[in-house]
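Here are the chains, one letter per residue:
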There are 2 protein chains.
Amino acid sequence: MQILVVEDDKRISDFLIKGLEENGILVTLCKNAEDVLACYSTIQWDLIICDIMLPGMDGIQLVQTLRYKKVFVPILMLSALGSVQDKVTALDYGADDYITKPFHFDELLSRIKALTRRQQYQQEEAPTSIFSYGELTVDLNQYRVLVAGQEIDLSPKEFKLLVYLIENVDKTVTRTQILNAVWGITFDNHTNVVDVYISYLRNKIENPNNKYIYTLKGVGYIFKT
Amino acid sequence: MQILVVEDDKRISDFLIKGLEENGILVTLCKNAEDVLACYSTIQWDLIICDIMLPGMDGIQLVQTLRYKKVFVPILMLSALGSVQDKVTALDYGADDYITKPFHFDELLSRIKALTRRQQYQQEEAPTSIFSYGELTVDLNQYRVLVAGQEIDLSPKEFKLLVYLIENVDKTVTRTQILNAVWGITFDNHTNVVDVYISYLRNKIENPNNKYIYTLKGVGYIFKT
DNA sequence: TTGAATTTATGCAAATTCTCGTAGTAGAAG
DNA sequence: CTTCTACTACGAGAATTTGCATAAATTCAA
């Protein structure tokens, strides 16, 4: 496992590097956001641990920039600020988790585990990056969707939802599972975003002769082949 | 697995209950510490998930009291506050773990797994997801039921009831057991829903030559092979 | 600002759940 | 065998929930 640590405070980075390496993790260190942007394309990390307070471009801006550049590695934010607002902002901008300093190293490890588990799972489950069924073709790497040979435009959320359904072909997935997997952190289960996005997807990829997504009333949805 | 959730915020408790139940966990809800103390001796839980902020007695006091009363069930604290002090206090007073809101549901599940590892926690992908007997075939993953090769529609409750009966093939189950497992109702003997749903099921899956569900007068029902 | 993406709100039709009431049944007691 | 009683079956319909389309509101990047 290879992790990038973005941290300018030497005391903290030393602490992190020592702890992580003792757990068999390879660590790269960048002291500011600019360094990360200069080299992000050369190395494939499994996880990025990033302080929010950085000299120059701050951590949240960095996350935003990386996501914009289609870097989807899990990112764990690190901050001395414990306010919920920061947490929410960071998560909104594309971070996957958040931990406040100081913290138990055990907790950090368990969060790292949690964040990289899905990744590994996906790698095991989806060795092929192209999924095809009926008139539908989805290129998971290139972010492209073809319907009957015609390329169609999906918004990021629509794409993520489709990918999740495809990862669970022929298995029922509940709205809660979809919310967890596609929307991430939330306590709001009085929302119908899932329904709405299922509807968007259906409009874009289905037609009367080619249906993929079936509703199981009172349960959830299933992508059937 | 049976978990007690102590949480006064309905949105959060709804979210927790839904997510946990979808992972095959039985959930009891208490809205305050006092309710827990009133009934902790009657039910044996495998884990307690407890919010710190509660009306009246708070979560930390509750943990302290339970430990004083020699209740050693693992306790996972839940809080919006990210301060280290709270975390340390909670752990000092006898909690086993701590998670701050909001969180990834995956992380909660993995912590639950960690805390209950001693007990058997069999939530690994059910290897046999298809049950078949006589003309009846039930696919638990795809939520499909076939009778003599013909797919039939079951409502969620009907399906859940059927699954419960199948899980207890050749074993008598009482109405109370069914109520607990399928409806989650604990104290209500003034309803005949079970009878009604047994009737629905029989109409949908049985015919004069293929009977599966037998009534044991004064006792309950049994799915016989 | 605009326009696209996302989220929230709302209304309706259809499905589901559940209560009630009545009819029926099995088995014990006479 | 008949009667009685506790138990069971199930139709009818009310109450609730659900799925989904539509539209409005909000967010966010350019």
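Residues numbered from 1 in each chain as written. Chains lettered and ligands numbered in written order. Predicted model: local features only at pLDDT ≥ 70, side-chain atom pairs only at ≥ 80, totals over all residues. Heavy atoms only, no water.

(A) Focus on the sheet that holds strand 6 (residues 130-133) of chain A. All names here are of chain A. Strand order across the open sheet formed by 4 strands is 6-7-8-9, with antiparallel pairing between neighbours. Because the sheet does not close on itself, it has two edges, and the strands there are strand 6 and strand 9 (150-152). Each strand of the sheet is rotated relative to its neighbour by a mean of 20 degrees, with strand direction disregarded. The pairing of strand 7 (residues 136-139) with strand 8 (residues 144-147) spans 4 bridges and is classified as antiparallel. Looking at the pairing, Val138 lines up with Val145 of strand 8. Strand contacts of helix 6 (residues 156-167): strand 6, strand 7 and strand 8, with the helix running at about 105 degrees to strand 7, the strand carrying the most contacts. (Pairing = 2+ DSSP bridges. Helix = DSSP H or I, 4+ residues; strand = E, 2+ residues; numbered from the N terminus. Axes fitted to C-alpha atoms, helices over the stretch in contact; angles between N-to-C directions. Contact = heavy atoms within 4.5 Å.)

(B) Structural context of the protein's contact with DNA strand C. Taken together, the neighbourhood of DNA strand C is formed by 22 residues, with Ser155 and Trp183 of chain A together with Ser155, Trp183 and Tyr200 of chain B sitting nearest. One of the backbone N or O atoms of Lys157 of chain A is found 3.2 Å from a phosphate oxygen in DNA strand C. Here a phosphate oxygen of DNA strand C and a side-chain polar atom of Ser155 of chain B are 2.3 Å apart. When grouped by side-chain class, the residues that make up the surface near DNA strand C number 12 nonpolar, 6 polar and 4 charged. (Near = heavy atom within 4 Å. Polar contact = N/O pair within 3.5 Å; in protein donor to acceptor, adjacent residues only side chain to side chain. Nonpolar A, V, L, I, M, F, W, Y, C, P; charged D, E, K, R; others polar.)

(C) Spatial organisation of the pattern of salt bridges. Residues and elements named next belong to chain A. Counted under the stated rule, the structure contains 9 salt bridges over all chains. The salt bridge involving Arg144 is made with Glu151; its shortest N-O contact spans 3.0 Å. Take Glu151: its relative accessible area is 44%, and that puts it in the partly exposed class. (Salt bridge = Lys/Arg side-chain N within 4 Å of Asp/Glu carboxyl O. Buried < 20%, exposed > 50% of the residue type's maximum accessible area, 1.4 Å probe, protein only.)

(D) The packing of aromatic side chains, seen in detail. Going through the model one piece at a time under the given rule, you end up with 13 aromatic pairs over all chains. With a centroid separation of 6.0 Å and 70 degrees between ring planes, the pair formed by Tyr133 of chain B and Tyr212 of chain B is classed as edge-to-face. Residue Tyr133 of chain B is found in strand 6 (residues 130-133), and its partner Tyr212 of chain B is found in the loop between helix 8 (193-205) and strand 11 (213-216); the two are separated by 79 residues along the sequence. On the accessibility criterion, Tyr133 of chain B (32% relative accessible area) is partly exposed. Owing to a relative accessible area of 2%, Tyr212 of chain B belongs among the buried residues under this scheme. Ring geometry for Trp183 of chain B versus Tyr197 of chain B: centroids 5.5 Å apart, planes at 75 degrees, classification edge-to-face. Of this pair, Trp183 of chain B sits in helix 7 (residues 175-183) while Tyr197 of chain B sits in helix 8, placing them 14 residues apart in sequence. Over the aromatic face of Tyr214 of chain A sits the side chain of Lys224 of chain A, whose NZ or CZ is 5.0 Å from the ring centroid. (Phe/Tyr/Trp six-rings, centres within 6.5 Å; stacked < 30°, edge-to-face > 60°. Lys NZ or Arg CZ within 6 Å of the ring centre and 35° of its normal.)

(E) Inspection of the confidence of the model for chain A at higher detail. All names here are of chain A. In this model, chain A carries a mean pLDDT of 82, and residues with pLDDT of at least 70 account for 88%. Least confident of the elements in chain A is helix 4 (residues 84-92), whose mean pLDDT is 63; most confident is strand 12 (residues 220-223), at 94. Below a pLDDT of 50 lies the segment residues 121-127, which in the model reaches 1 contact outside its immediate sequence neighbourhood of four places, other chains included. (pLDDT = per-residue confidence, 0-100.)

(F) Focus on helix 3 (residues 59-68) of chain B. All names here are of chain B. For helix 3, the set of buried residues is Gly59, Ile60, Leu62, Val63, Leu66 and Arg67. Projection of helix 3 onto a plane perpendicular to its axis shows the buried side chains occupying an angular sector of 160 degrees, all on one side. For helix 3, the capping residue at the N-terminal end is Asp58, with a side-chain oxygen 3.0 Å from the backbone nitrogen of Ile60. Of the residues flanking the end of helix 3, it is Lys70, one or two places downstream, whose phi is positive at about 65 degrees. (Arc of directions from axis to C-beta.)

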